[in-house]
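# Structure at a glance
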Amino acid sequence: MLLDSFVLKKLVLELRSIIDSSLRQIYQFDRSTIYLYFQQKVLRISLDPIFSHICFTQKEDFSDHHPSNFVMFLRTRLRNARLKAVEQVGLDRILCLDFDKIDEVGDRHLYKLCLEFLGTHCNAVLTEDGIIVDSFKESNTSLRLIKKNFPYELPAEKVDPFEISYDFFDQINEMQTISQFLSKKFYGFSKLIVQELLNRAQLTDKVLKDLNLQEKNKLKHAFFSIISDFEKPYTYVYRSGETFTVSALPLKHILAEPKRFESPSEAIEYAYNLMFLRHTLRQMQSELLKNVRERMKKEKRTLDLLEEELSECSKADSFLRYGELLKYASAESRLGNIANVLDYETGQLVSVPLVEGKDIKESSQHYFGLYKKLKEKSRVLQTRVESSRQFLSYLEQLAHTIESAQDLDTIAEIKEEMIQQGLIKAKRHQPPKESDFKKIEYEGFKILIGKNNKQNEKLVRESNDKDLWLHVHESPGAHVVIKTEGKTVPHRVLECAAALAAYHSKARFSSKVPVDYTLVKYVHKPKGSPPGLVVYTNYETIFVNPQLVDSLEQQRS
């Protein structure tokens, strides 16, 4: 979560620094991200439920982005308006920006842009005199109606935790649990904050009426310790795997060490950039993988049909034998639609079916023609089968590189490769900048790892003939090269490089993986083959555990 009620409260103080500034321009980045360009600073507003937030950010070029009707409308009403106030509604996740605008005919308008960061109900509502002028999206639920020309009504009011007295908890005697009471009664008490309070109070989520005096005191002290910690001038970012949490107070129930910022905007910007990059990466991976897997299904169907046709061609030798047997048969050997002829190889009498409407000689010529036709077809089909199998192997390798991509540069290179191979169409073709190989230094040797097929191909092409090349045996994976610089590679270094090859392959989670290795001079790319596909000879195989990479990383750190 990038923005809760407490973080928004801290943001309000920061955003007030632009009061009396003029709003110069409004841009739209994607479907739900709006940028407000003031005289000195830029505000980013995200109404995406995953990234919902508002913060100061840097200027960017949005000249090629097409604004929505809502943003176009905001431009007509708010461009060159002066910001007069920034207010949070209670301690709710609703922020109101008040603007003063004198229009082209000299009339004065007082607009209020209400930004609602309410999970799936994120919205931006422009009002004048309490009436909705326009909104990012219309909403009609049992609780609220957001619609043009209707009054703008706020959600049901709650208690502001900053305005209660110290003895408030002494009087409560509810049948609700602590979490139910806090979330329904107070602004700002999300599941995360409730969990923090329970942790500080060292209480389970009990019914309030069942709390004894000591437990009530613990609850009270924990509550006001949260209020007290909020007053500290820091904003914290906690990370758990790929999840980021921005908090206006230290979260003691999270064991991870947070990254601390003096500005809430800086904290949100830091977490947002990482989350957005990861989300974009996963989204691109999903789209590209879907394309590759669909092509794999199509290619497998094609291969099945080709192999079925090739199997039919196995009858060619039977037709050749029929033709040979009938070649020297006499007319007297014919009995209806068959001819009984002597097989000189076995000395036995063999019945050979004749072609309908043809005599013995014509049937013999027909069978020879069939044999020649099927042999030629078999030759063509074998080439197509081999090409199809090669393409399937390439697609499997491509799928692995997509799944293994760890940054946007790598996934952009993979997308470019797919465009060049005709797997996807380019909307606006702009080749990405080339990213570099992954590099590992181990015991004085440099080990290079390709992060996609184009890099794998480039790695082989740019390596010295005497460098050592490694790849998992008959499985999709990265190409790995040890730069030997004329030195003999110790077994420990070979084992490390093999573990890296296994770790960056489809066999990553196996315990014993065969990895082939040979000199680069024995690695060749077949003419016309897809990127990254090579053949190699003079190789040996080493068996390694991919998890060795984790222990090596620990040693290096």
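Going by the structure above, here's the rest.
About the cut-offs
Residues numbered from 1 in each chain as written. Predicted model: local features only at pLDDT ≥ 70, side-chain atom pairs only at ≥ 80, totals over all residues. Heavy atoms only, no water. Helix = DSSP H or I, 4+ residues; strand = E, 2+ residues; numbered from the N terminus. Rg over C-alpha atoms; globule rule 2.2 N^0.38 Å. Buried < 20%, exposed > 50% of the residue type's maximum accessible area, 1.4 Å probe, protein only. Contact = heavy atoms within 4.5 Å. Areas by Shrake-Rupley, 256 points an atom, 1.4 Å probe, with all protein chains shown as cover. Lys, Arg positive; Asp, Glu negative; His and termini not counted. Charge placed at Lys NZ, Arg CZ, Asp CG, Glu CD. Phe/Tyr/Trp six-rings, centres within 6.5 Å; stacked < 30°, edge-to-face > 60°. Lys NZ or Arg CZ within 6 Å of the ring centre and 35° of its normal. Salt bridge = Lys/Arg side-chain N within 4 Å of Asp/Glu carboxyl O. Polar contact = N/O pair within 3.5 Å; in protein donor to acceptor, adjacent residues only side chain to side chain. Core = buried A, V, L, I, M, F, W, Y, C linked by side-chain atoms within 4.5 Å. Axes fitted to C-alpha atoms, helices over the stretch in contact; angles between N-to-C directions. Parallel < 35°, antiparallel > 145°, perpendicular 65-115°, else oblique. Left-handed = near helix turned anticlockwise from the far one by under 90°. Nonpolar A, V, L, I, M, F, W, Y, C, P; charged D, E, K, R; others polar. Patch = residues over 30% accessible without salt bridge, like charges linked within 9 Å, V, L, I, M, F, W, Y side chains within 5 Å. Pairing = 2+ DSSP bridges.

### Observations regarding the overall build of the protein
A count of helical and extended segments in the protein gives 12 helices and 25 strands. Here the protein has a C-alpha radius of gyration of 36 Å; the compact-globule value for 557 residues is 24 Å, and the former is much larger. Projected onto its principal axes, the C-alpha positions of the protein cover 120 × 65 × 55 Å. Counting every position in the protein, which comprises 557 residues, the buried fraction comes to 48%. Look at the contacts in the protein between residues 6 or more apart in sequence, and 60% of them connect residues 24 or more apart. For the protein, the accessible surface area stands at approximately 30,100 Å², while carbon and sulfur atoms represent 49% of it. Where the 81 positive side-chain charges of the protein centre and where its 78 negative ones centre are 1 Å apart.

### With respect to the packing of aromatic side chains
Centre distance and the angle of the planes are the two values used to describe a pair of aromatic rings. Taken as a whole and judged by the stated rule, the model has 28 aromatic pairs. Pairing Tyr-536 with Tyr-539 gives two aromatic rings, centres 5.1 Å apart and planes at 70 degrees, and the pair type is edge-to-face. Overall, the relative accessible area of 38% leaves Tyr-539 in the partly exposed class. By way of ring pairs, the aromatic residues Phe-6, Phe-162, Tyr-166, Phe-168, Phe-169, Phe-181, Phe-186, Phe-189, Phe-223, Phe-224 and Phe-230 are connected into one cluster. Residue placement shows Lys-148 over the ring face of Phe-73; its charged tip is 5.9 Å from the ring centre. Looking at Lys-487, its charged tip hangs above the ring of Phe-445, at a distance of 4.5 Å from the centre.

### A look at the pattern of salt bridges
Across all of its chains, the model carries 20 salt bridges by this definition. Linking Arg-200 and Asp-229 is a salt bridge whose minimum nitrogen-to-oxygen distance equals 2.8 Å. Of this pair, Arg-200 sits in helix α4 (residues 191-201) while Asp-229 sits in helix α5 (residues 213-230), and the two are 29 residues apart along the sequence. With relative accessibility at 8%, the residue Asp-229 sits in the buried group. The shortest N-O distance in the salt bridge between Glu-376 and Arg-379 comes to 2.5 Å. You can see Glu-376 and its partner Arg-379 sitting in helix α8 (residues 360-404), three residues apart, about one turn around the helix. For Glu-376, a relative accessible area of 41% gives the class partly exposed. One salt-bridge network, in which partners are shared between bridges, spans Glu-196, Arg-200, Asp-229 and Lys-232.

### Here's the deal with the environment of Ser-165
You can see Ser-165 is positioned in the loop between β11 (145-146) and α3 (178-185). Among the residues examined, Ser-165 registers a relative accessible area of 40% and is labelled partly exposed. Along the sequence, Ser-165 and Lys-9 sit 156 residues apart, while their C-alpha atoms lie 20 Å from each other. Side-chain polar atoms of Ser-165 contact the side chain of Asp-167, separated by 2.6 Å.

### Observations regarding the nonpolar core
Inside soluble globular proteins, nonpolar side chains tend to come together where they are buried. Counting 80 residues, the largest nonpolar core has Phe-6, Ile-54, Phe-99, Leu-182 and Phe-223 as its most contacted members. Not counting the four nearest positions on each side in its chain, Leu-182 is found in contact with Phe-169, Phe-189, Val-194, Leu-197 and Phe-223. Ranked by size, the runner-up nonpolar core spans 39 residues in total, among them Val-292, Leu-326, Phe-391 and Tyr-394.

### A short note on the packing of α3 against α4
α4 packs onto α3 with a crossing angle of 135 degrees between their chain directions and a minimal axis gap of 10 Å. When the axis of α3 is compared with that of α4, the two are oblique. Pair α3 / α4 crosses with right-handed handedness. Within the contact between the two elements, α3 uses Ile-178, Ser-179 and Leu-182 and α4 uses Val-194, Leu-197 and Leu-198. Taken together, the residues that form the contact of α3 with α4 break down as five nonpolar, one polar and no charged.

### A short note on a nonpolar patch on the surface
On the surface, a nonpolar cluster with roughly 380 Å² of combined accessible area is contributed by Leu-342, Tyr-344 and Leu-349. Turning to its location among the elements, Leu-349 is positioned in strand β17 (residues 348-353).

### Brief notes about the sheet that holds strand β6 (residues 94-102)
Strand order across the open sheet formed by five strands is β5-β6-β7-β8-β9, with antiparallel pairing between neighbours. Taken across any chain shown, the strands that pair with only one partner, and hence form the sheet edges, are β5 (82-88) and β9 (131-135). Across the sheet, the mean angle from the axis of one strand to that of its neighbour is 25 degrees, orientation sign disregarded. The sheet contact formed by strand β8 (residues 123-128) and β9 spans four bridges and is antiparallel. Residue pairing across strands places Leu-126 opposite Asp-134, the latter belonging to β9. Lying on the sheet, helix α2 (residues 69-78) is in contact with β6, β7 (108-116), β8 and β9; it crosses β8 at an angle near 35 degrees.

### Focus: the sheet that holds strand β16 (residues 338-343)
On the basis of which strands lie adjacent, the open sheet formed by three strands has the order β15-β16-β17 and antiparallel pairing. Among the strands making up the open sheet, the edge pair consists of β15 (334-335) and β17. Bridge count for β15 against β16 is two bridges, and the pairing is antiparallel. In the strand pairing of β16, Leu-335 is matched with Ile-338.

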